[in-house]
Amino acid sequence: MIIKEVAFNSADHKLTVALRDEVLRKPLGLQFSEEELSEEFDSYHLAAMNDNDEVVACLVLKPISLEEIKMRQVAVRDDQRGKGLGSLMVQFSEFFSMDHGFETISLHARAVAKEFYEGMNYEVVGDQFEEVGIPHYKFIKKLV
C-alpha cells in the first residue's frame, strides 16, 4: 500500500473520481458534473493504492488561504473499511499539508463521521448543518 499525490486529470486521478463517485455520490443519487470536477484543478489529490495499483482510498485538499487547507471528499472503498485506512489517509494529509506550509485543516464531515474526526483531534465549529441533503459538521484542526 502506498499513499501518494496524483496529478489532476491523470489516469490515477480519474480512478479517485470514480471511487468518490461510487462511495460518496451514487448513494445520494448525485453525480459529478464536468464543471464541478474542473474546479478541482488547484487542489491536491491524494490516493491510497494497493499492490495492484487500484485506488482503495482517496481525498482532496483544497487551499483556502495561505494558512488554511480544506479536506474534502474522503472516500474509502467498501471492502477496505474498518482497517484503519481512513485514519492513515487523514494523518498523511496532515503531514502533507504541513509540508506545504498550511497551519490549519478544515472540513465538512457527515454527521455519521463526527466521532471519527473527534477521535483524530478535530474540533467541531458551530452547529450541525445540511449539505448535499444530509447532516454535516464543520471541523478544524491546528497543525502547528
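Keep in mind that this is a model prediction, so the values were computed, not measured.

Peer 1: I'm lost on the pairing of strand β2 (residues 44-49) in this one. Help?
Peer 2: Regular strands have side chains that alternate between both faces of the sheet. Burial within β2 is extensive, with six of its six residues counted as buried. Alternating positions in β2 separate into two faces, Y44, L46 and A48 on one and H45, A47 and M49 on the other, with burial throughout. Sheet analysis places strand β1 (residues 2-6) next to β2, joined by five bridges and oriented antiparallel. Paired with I3 across the bridge in β2 is A48. Of the pairings in the sheet, the one linking β2 to strand β3 (residues 55-63) comprises six bridges and is antiparallel in character. Counterpart to H45 in the pairing with β3 is V60. In this structure, the hairpin formed by β2 and β3 is closed by a connection of five residues, where D53 is found at a positive phi of approximately 60 degrees.

Peer 1: What's the story with the environment of D78 in this structure? I'm lost.
Peer 2: Following the sequence through the fold, D78 ends up in the loop between β4 (68-76) and α3 (85-99). On the accessibility criterion, D78 (55% relative accessible area) is exposed. Sequence separation between D78 and V23 is 55 residues; the distance between their C-alpha atoms is 7.5 Å. There is a polar contact of 3.1 Å between the side chain of D78 and the side chain of R81.

Peer 1: Whenever I open this one, the layout of surface pockets confuses me. Can you help?
Peer 2: For the largest pocket, the calculated volume is near 860 Å³. As for the largest pocket, its lining consists of 32 residues, and the residues nearest its centre are L24, Q73, V74, R110 and Y117. Among the secondary structure elements, those contributing two or more residues to the lining of the largest pocket are α1 (11-25), β4, α3, β5 (104-110) and α4 (114-119). Residue contributions to the lining of the largest pocket peak at seven residues, all from β4. Here the lining of the largest pocket is built from residues that sort into 16 nonpolar, eight polar and eight charged. Within this model, the second largest pocket holds a volume of roughly 150 Å³.

Peer 1: Can you walk me through the nonpolar core in this structure?
Peer 2: Side chains of nonpolar character tend, in soluble globular proteins, to be buried together. One finds L61, M71, Y117 and Y122 to be the most contacted residues of the largest nonpolar core, which totals 25 residues. The set of elements that each furnish at least two residues to this core consists of β2, β3, β4, α3, β5 and β7 (134-142). Non-local contacts of Y117, meaning those with residues more than four positions away in its chain, are made with M71, V74, V90, L107, A109, Y122 and F139. Counting nine residues, the second largest nonpolar core, distinct from the first, contains V6, M49, V55 and C58.

About the thresholds
- Residues numbered from 1 in each chain as written.
- Predicted model: local features only at pLDDT ≥ 70, side-chain atom pairs only at ≥ 80, totals over all residues.
- Heavy atoms only, no water.
- Buried < 20%, exposed > 50% of the residue type's maximum accessible area, 1.4 Å probe, protein only.
- Helix = DSSP H or I, 4+ residues; strand = E, 2+ residues; numbered from the N terminus.
- Pairing = 2+ DSSP bridges.
- Polar contact = N/O pair within 3.5 Å; in protein donor to acceptor, adjacent residues only side chain to side chain.
- 1 Å grid on protein atoms, 1.4 Å probe; cavity = no way out; pocket = protein on both sides within 12 Å on 5 of 7 lines; lining within 4 Å.
- Points joined across faces, edges and corners; volume = space filled by probe spheres on them.
- Nonpolar A, V, L, I, M, F, W, Y, C, P; charged D, E, K, R; others polar.
- Core = buried A, V, L, I, M, F, W, Y, C linked by side-chain atoms within 4.5 Å.
- Contact = heavy atoms within 4.5 Å.

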